[in-house]
Amino acid sequence: MITVVGEALIDLVGAEGSRFDAHPGGSPLNVAVGLARLGQPTTMMARLADDAFGRILRKHATDNGVDLSAAPVAAEPTTLAVVSLDALGRASYDFYVQGTADWQWTDAELAAVPAATQILHTGSLAAWTDPGQERIAALVARLRDSTLISYDPNIRPRLLGSPELARPMVERSVAAAHVVKTSDEDLAWLYGDSPVADVAARLLASGPELVIVTRGGDGVFAMTRAGCVVQRPSVPISIVDTVGAGDAFSAGLLAGLRERKLTQPGALATVDAASLTAILDTAGLAAALTCERAGAKPPTRAELDAARDRLPDS
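Throughout, a residue's number is its position along its own chain's written sequence, starting from 1. Local features in a predicted model are, by the rule used here, given only for residues with pLDDT of at least 70; side-chain atom pairs are given and counted only at 80 or more, and totals for whole chains, interfaces and linings are based on all residues. Side-chain descriptors were evaluated using all non-hydrogen atoms of the structure, hydrogens and water having been removed beforehand.

1. Some thoughts on helix H2 (residues 52–63)
So, point 1. Counting from the N terminus, the helices are the DSSP runs of H or I reaching at least four residues and the strands are the DSSP runs of E reaching at least two. The span one expects for a helix is its residue count, reduced by one, times 1.5 Å. Along its 12 residues, H2 runs 16 Å from first to last C-alpha, staying within 8% of the 16 Å computed at 1.5 Å per residue.
So, point 2. Only protein chains enter the accessibility calculation, which uses a 1.4 Å probe; a residue whose area is less than 20% of its type maximum is buried, one above 50% is exposed, and one in between is partly exposed. Burial in H2 covers these residues: Gly54, Leu57 and Ala61. When H2 is viewed along its axis, its buried side chains cluster within an angular range of 60 degrees and face the same direction. In H2, those exposed residues whose orientation departs by more than 90 degrees from the buried face are Lys59 and Asp63.
So, point 3. Here, two residues are considered to be in contact whenever any of their heavy atoms come within 4.5 Å of each other. For H2, the secondary structure elements touched by its buried residues are strand E2 (9–14), strand E3 (20–25), helix H1 (27–37) and strand E5 (48–49).
So, point 4. Of the residues that open H2, the one with a side-chain oxygen 3.3 Å from the backbone nitrogen of phenylalanine 53 is aspartate 51.
So, point 5. Directly beyond the C-terminal end of H2, a positive phi value near 85 degrees is found at glycine 65. The directions from the helix axis to the C-beta atoms are what the arc is built from. As used in this structure description, the phrase polar contact means that two N or O atoms lie within 3.5 Å; if the pair is within protein, one of them must be able to donate a hydrogen and the other to accept it, and residues adjacent in sequence are counted only when both atoms belong to side chains.

2. Brief notes about empty space enclosed by the protein
So, point 1. Buriedness of a pocket was judged along seven lines, with at least five required to meet protein on both sides within 12 Å; pockets are open sets of points on a 1 Å grid over the protein atoms alone, cavities are sets where a 1.4 Å probe fits but cannot get out, and lining residues have an atom within 4 Å of a point. Grid points are joined across faces, edges and corners, and a volume is the space filled by probe spheres set on the points. Applying the stated criterion to the full structure yields 1 cavity of 30 Å³ or more.
So, point 2. Along its surface, the largest cavity is lined by Pro153, Val170, Val174, Val180, Thr182, Leu187, Leu190, Tyr191 and Leu203.
So, point 3. Taken together, the elements giving at least two residues each to the lining of the largest cavity come down to helix H6 (163–176), strand E11 (179–183) and helix H7 (184–191).
So, point 4. Under this grouping Gly is polar, as are all residues other than the nonpolar Ala, Val, Leu, Ile, Met, Phe, Trp, Tyr, Cys and Pro and the charged Asp, Glu, Lys and Arg. Here the lining of the largest cavity is built from residues that sort into 8 nonpolar, 1 polar and no charged.

3. Examining the layout of surface pockets
Here the idea is plain: a probe the size of a water molecule rolls over the atoms and shows the empty space left.
So, point 1. The volume enclosed by the second largest pocket comes to roughly 260 Å³.
So, point 2. Elements represented by at least two residues in the lining of the second largest pocket include exactly E2, E3 and strand E7 (80–85).
So, point 3. Class assignment of the residues belonging to the lining of the second largest pocket gives a composition of 7 nonpolar, 4 polar and 4 charged.

4. Details of the pairing of E7
So, point 1. Pairing between strands is defined by DSSP: at least two bridges between them are needed. The pairing of E2 with E7 spans 4 bridges and is classified as parallel. The residue of E7 that forms the bridge with aspartate 11 is alanine 81.
So, point 2. Two elements, E7 and strand E8 (residues 91–96), share 6 bridges in a ladder whose sense is antiparallel. By the bridge assignment, serine 84 is partnered in E8 with serine 92.

5. Observations regarding the packing of helix H4 (residues 133–143) against H6
So, point 1. Fitting a line to C-alpha atoms yields each axis, with helices limited to the stretch in contact; the angle taken between N-to-C directions then spans 0 to 180 degrees. It is at 10 Å that the axes of H4 and H6 come closest, and there the two elements cross at 20 degrees. The orientation of H4 with respect to H6, classified from their angle, is roughly parallel. Between H4 and H6 lies a crossing whose hand is left-handed. Only Met169, Arg172 and Ala176 of H6 make contact with H4, whose side of the interface consists of Gln133, Glu134, Ala137 and Val140.
So, point 2. Split into classes, the residues belonging to the contact of H4 with H6 amount to 4 nonpolar, 1 polar and 2 charged. For classification, angles of less than 35 degrees are called roughly parallel, those exceeding 145 degrees roughly antiparallel, those between 65 and 115 degrees roughly perpendicular, and all remaining angles oblique. Whether a crossing is left-handed or right-handed is set by the direction in which the near helix is turned from the far one by less than a right angle, anticlockwise for left-handed and clockwise for right-handed.

6. Quick word on the side chain of serine 173
So, point 1. Along the chain, the position of serine 173 falls in helix H6.
So, point 2. A relative accessible area of 15% means that serine 173 is categorised as buried.
So, point 3. Among all residues touching serine 173, those that are not within four sequence positions of it are Ala127 and Tyr151.

7. Structural notes on the pairing of E11
So, point 1. Among the 5 residues in E11, 5 count as buried, and that is most of the element.
So, point 2. Judged from the 2 bridges that link them, strand E10 (residues 148–152) and E11 form a sheet pairing that is parallel. The residue of E11 that forms the bridge with tyrosine 151 is valine 180.
So, point 3. Sheet topology places E11 next to strand E12 (residues 210–214); 5 bridges connect them, and they run parallel. Residue pairing in the sheet places serine 183 in a bridge with threonine 214 of E12.

8. Some points on unusual backbone geometry
So, point 1. The amide bond that connects aspartate 130 to the next residue, proline 131, takes the cis arrangement and shows omega of 0 degrees.
So, point 2. For proline 131, the position within the fold is in the loop between strand E9 (119–123) and H4.
So, point 3. Within the chain, serine 124 stands out as a residue other than glycine whose phi angle is a positive 60 degrees.
So, point 4. Tracing the sequence through the fold places serine 124 in the loop between E9 and H4.

9. Topic: the side chain of threonine 78
So, point 1. Among the secondary structure elements, threonine 78 is positioned in the loop between strand E6 (73–74) and E7.
So, point 2. A distance of 2.9 Å separates a polar atom in the side chain of threonine 78 from a polar atom in the side chain of aspartate 51.
So, point 3. Within the structure, the side chain of threonine 78 is placed 3.3 Å from the backbone nitrogen of glycine 54, a separation counted as a polar contact.
So, point 4. Not counting residues within four places of it along the chain, the set of residues in contact with threonine 78 comprises Ala8, Leu9, Ile10, Ala49, Asp51, Phe53, Gly54, Leu57 and Thr100.

Below, the structure written as structure tokens:
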């Protein structure tokens, strides 16, 4: 199965007037739901609060087929994110994270990672928020030789402070992963105007086998440790908003890796361009479909297959 470790929080999305609508969110939870909706056996390890918001999160996950048997019930409150959308549907976030459930991991809780895990995905806030980040890093280190590790930094500048403070934390997680999925916006914040290919090569040199950079309307760039470079265009769409698009991409990516049996550490270092192209195209289509509807609503397998059949070159 695929196991996702990280936060599950509530997005408070501005509606009419002073009203906010509560939606389940958090990048790791979105990835887990996206995977389950694509038919992948998925476990979510998140500390879910025993409060009204926590019950919304638990129901959302189980309703979408995510296994929560390794998700402890937390005494702390649910993390909140206030979401603002600009005229192009791009989201920005204000977070309420102090003393909330997502960061208080214990070693005993993380020891419950399922033995059947083939891919472990982590990243986002939980990978660089104290006190839990060190325990998650220890879990990744323990599993790295036997399990494919996937990482998405999912940069949130308002929580990270400055690129100078963030880079060491992000780069530690990059070095521990086999596959890194990030965005051009993340890399621009971390490394300024450095070309994407140069940054990808720098990241690969630290340990990963595959680095993928999503670039919004400019498509996606990928590079393997062996130097294979694949660039794919974006899918033409009518954007409603971009909430959850990167997470839907991650779900499509990980589903593609599992379906092609590319789950053994070492397999991605020399993956061929044709296989990588097919995986990236599926992941990009999943992200595009998510952008065509409001909120983080990744496609089902049936929706993805139907959309693929409608593409001009299908």
